[in-house]
Structure formats: structure tokens, C-alpha cells
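Okay, here's what each chain looks like letter by letter:
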Amino acid sequence: MIRYTLRCERGHQFESWFQSSSAYESQERRHLIDCPSCGSDKVERAIMAPQVVSKKGREPAQPAPSAPVEATPNESTSLMMAQERELRSKLKELRDHIVKNADNVGDRFPNEARKMHYGDIEHRPIYGEASPEEARALIDEGVEVSPLPTLPEDRN
């Protein structure tokens, strides 16, 4: 994980964590990073002082002072909401792709998955329903299964 200090076009500074620098760059290119203060998606990395570890006690040296970042509960909530929206969007995209490209076999899913696993029928993308016990039994048999992602709005 890497933490960046970011700044929007209006000069608001905030911090955010990313899996890697390439993950940050990918999200920046797709305009997925929003300023929690004003919502602008024109965001760039701010100049940051690196944290240096001293040789003596292996304790971090004092970083150079930087401009204070005032984080209000509203800002962190906004950032979390943006991340949650992105995650929900990706889950919905994944589910929609599966539904579009696979056959819904309904409650026949455990039997169809087994038949494919053991070579009784031709492999094809399927989805359907299985109880937790049926899913565990499939996994124990070595049948590769994954649950379809669901979102809170799906439960209505």
C-alpha cells in the first residue's frame, strides 16, 4: 500500500491510500479520484516529504513539515463514499458480464457444475443457485465455484 498526499485544482489537499503507484495512475486516468472537499476529479499528487529511517535506532527521522491537511469527518466520509461507489460499480459490472455471457441454470446449478467437472457434459459458463451446503460440497469435490456478487439494492 502507498499513501499519497493529493491536491485538487482548487488547492484542497487530502490523503488517500492506493494498492500501488500504478493503481493510483490507473484511477487518475479514469477520473475515479474525487476531492472530498469539492468533488473535483482534477486531482494530482502533491509534493510529499519522504519518511526516512535513521540508522541509529531504526526509528523514522522527523519528516520535513508540510502544509497541514485538515480532515473533517465530512471529507473522510466523502472519500469513503467515492470508494464504495467505485466498488459497487465494479461488482455490478462483473455480475452483469456473467449474467450476459453465461447460462442461468437455476437450482440445477450443483448438478450441472458436477457434470461439467466430471466431463459428462461440455464445459460452458453457467450460473444459478446453490445452498451454502451444496456450494461447500462442490468445493470439497474440487469443483470451482464462486458466488455472484450481490449489492444491497439487489435484496429489495
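Below is a short write-up of the structure.

Parameters at a glance
Residues numbered from 1 in each chain as written. Predicted model: local features only at pLDDT ≥ 70, side-chain atom pairs only at ≥ 80, totals over all residues. Heavy atoms only, no water. Phe/Tyr/Trp six-rings, centres within 6.5 Å; stacked < 30°, edge-to-face > 60°. Helix = DSSP H or I, 4+ residues; strand = E, 2+ residues; numbered from the N terminus. Buried < 20%, exposed > 50% of the residue type's maximum accessible area, 1.4 Å probe, protein only. Lys NZ or Arg CZ within 6 Å of the ring centre and 35° of its normal. Pairing = 2+ DSSP bridges. Axes fitted to C-alpha atoms, helices over the stretch in contact; angles between N-to-C directions. Contact = heavy atoms within 4.5 Å. Right-handed = clockwise from strand over helix to strand, strands pointing away. Core = buried A, V, L, I, M, F, W, Y, C linked by side-chain atoms within 4.5 Å. Arc of directions from axis to C-beta.

Turning to the packing of aromatic side chains, a few remarks are in order. Under the counting rule described, the total for this entry stands at three aromatic pairs. Seen in terms of ring centroids, Tyr4 and Phe18 are 6.0 Å apart; in terms of plane orientation they differ by 45 degrees. Their pairing is tilted. A residue pair is termed long-range when its members are at least 10 positions apart, and Tyr4 in strand β1 (residues 2-8) and Phe18 in strand β2 (residues 13-18) qualify at 14 residues. Residue Phe18 is classed as buried on the basis of its relative accessible area of 4%. By the ring-pair criterion, three or more aromatic residues cluster together here, those being Tyr4, Phe18 and Tyr24. Across the ring face of Tyr4, the terminal group of Arg45 is positioned such that the distance to the ring centre comes to 4.8 Å.

Further remarks concern the sheet that holds β2. Read from one edge to the other, the open sheet built from three strands follows the order β2-β1-β3, with strand pairing classed as antiparallel. The open sheet has two edge strands, β2 and β3 (43-45), and neither has a second partner. In this sheet, neighbouring strand axes are inclined to one another by 40 degrees on average, regardless of whether the strands run parallel or antiparallel. Where β1 and β2 come together, six bridges link them in antiparallel fashion.

As a further point, take unusual backbone geometry. Not every positive phi belongs to a glycine, and His31 is a case in point at roughly 55 degrees. Along the chain, His31 turns up in the loop between α1 (21-29) and β3.

Here we take up the environment of Glu28. Considering the arrangement of structural elements, one finds Glu28 in helix α1. Along the sequence, Glu28 and Arg45 sit 17 residues apart, while their C-alpha atoms lie 9.8 Å from each other. Leave out the neighbours within four places in its chain, and Glu28 touches Ile33, Val43 and Glu44.

On to the pairing of strand β4 (residues 103-106). In the sheet, β4 pairs with strand β5 (residues 126-128) via three bridges, with the strands oriented parallel. Bridge pairing in β5 links Asp103 to Ile126. With helix α3 (residues 109-117) bridging β4 and its parallel neighbour β5, the resulting β-α-β unit is right-handed.

A few words on the nonpolar core. Within the largest apolar cluster, nine residues are counted, these being Tyr4, Leu6, Cys8, Phe14, Phe18, Tyr24, Ile33, Cys35 and Val43. The set of elements that each furnish at least two residues to this core consists of β1 and β2. In terms of residue count, β1 provides more of this core than any other element does, three residues in total. The residues contacting Phe18, other than those within four sequence positions of it, are Met1, Ile2, Tyr4, Leu6, Tyr24, Gln27 and Ile33.

Turning to α3, a few remarks are in order. Taken together, the buried positions of α3 are occupied by Phe109, Pro110, Glu112, Ala113 and Met116. Along the long axis of α3, the arc covered by the buried residues comes to 165 degrees, so they all point the same way. Residues of α3 that are buried make contact with β4, β5 and α4 (132-140). Of the residues trailing α3, Gly119 is marked for its positive phi of about 80 degrees.

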